[in-house]
Amino acid sequence: MPTGTCPECEADVHVDTDADKGEIVDCEECGVQLEVVGLDPVELDIVEEEELDDDEDEDEY
Ligand SMILES: [Zn+2]
């Protein structure tokens, strides 16, 4: 089973043999979400969870 290295904590992260680029895997060490950006060798990139909240209208006025 191929493994990549977590950019966050440098742990070995297992990637499915049939994983494709763009696949999201979780690091078992630190729980961060990683995107498969390369397959030979496996390269992983941290997925930044961006919360794009458009101004929420509060209806209290
Ligand atoms: Zn990690």
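The notes below deal with the structure included here. (Residues numbered from 1 in each chain as written. Predicted model: local features only at pLDDT ≥ 70, side-chain atom pairs only at ≥ 80, totals over all residues. Heavy atoms only, no water.)

1. Quick word on the overall build of the protein chain
Item 1. Within the protein chain one finds zero helices and five strands.
Item 2. Going from the N terminus to the C terminus, the protein chain shows its helices and strands as β-β-β-β-β.
Item 3. Relative to a compact globule of 61 residues, whose C-alpha radius of gyration would be 10 Å, the protein chain shows 16 Å and is clearly more extended.
Item 4. In terms of principal-axis extent, the alpha carbons of the protein chain reach across some 55 × 20 × 15 Å.
Item 5. The buried share of the protein chain, reckoned over its 61 residues, is 23%. (Helix = DSSP H or I, 4+ residues; strand = E, 2+ residues; numbered from the N terminus. Rg over C-alpha atoms; globule rule 2.2 N^0.38 Å. Buried < 20%, exposed > 50% of the residue type's maximum accessible area, 1.4 Å probe, protein only.)

2. Some details on the pairing of strand 4 (residues 33–39)
Item 1. Relative to strand 4, strand 3 (residues 24–26) is paired through three bridges, and the arrangement is antiparallel. Bridge pairing in strand 4 places Ile24 opposite Glu35.
Item 2. From the end of strand 3 to the start of strand 4, which pair antiparallel, there are six residues, and Gly31 there has a positive phi angle of about 80°.
Item 3. Bridging between strand 4 and strand 5 (residues 42–46) involves five bridges; their strand directions are antiparallel. Within strand 5, the position partnered with Glu35 by the bridge is Asp45. (Pairing = 2+ DSSP bridges.)

3. Considerations on the sheet that holds strand 4
Item 1. Overall, antiparallel pairing links the three strands, which are arranged 3-4-5 in an open sheet. Strands with a single pairing partner mark the edges of an open sheet, and in this sheet they are strand 3 and strand 5. On average, each strand axis in the sheet is inclined to that of its neighbour by 45°, with strand direction left out of account. (Axes fitted to C-alpha atoms, helices over the stretch in contact; angles between N-to-C directions.)

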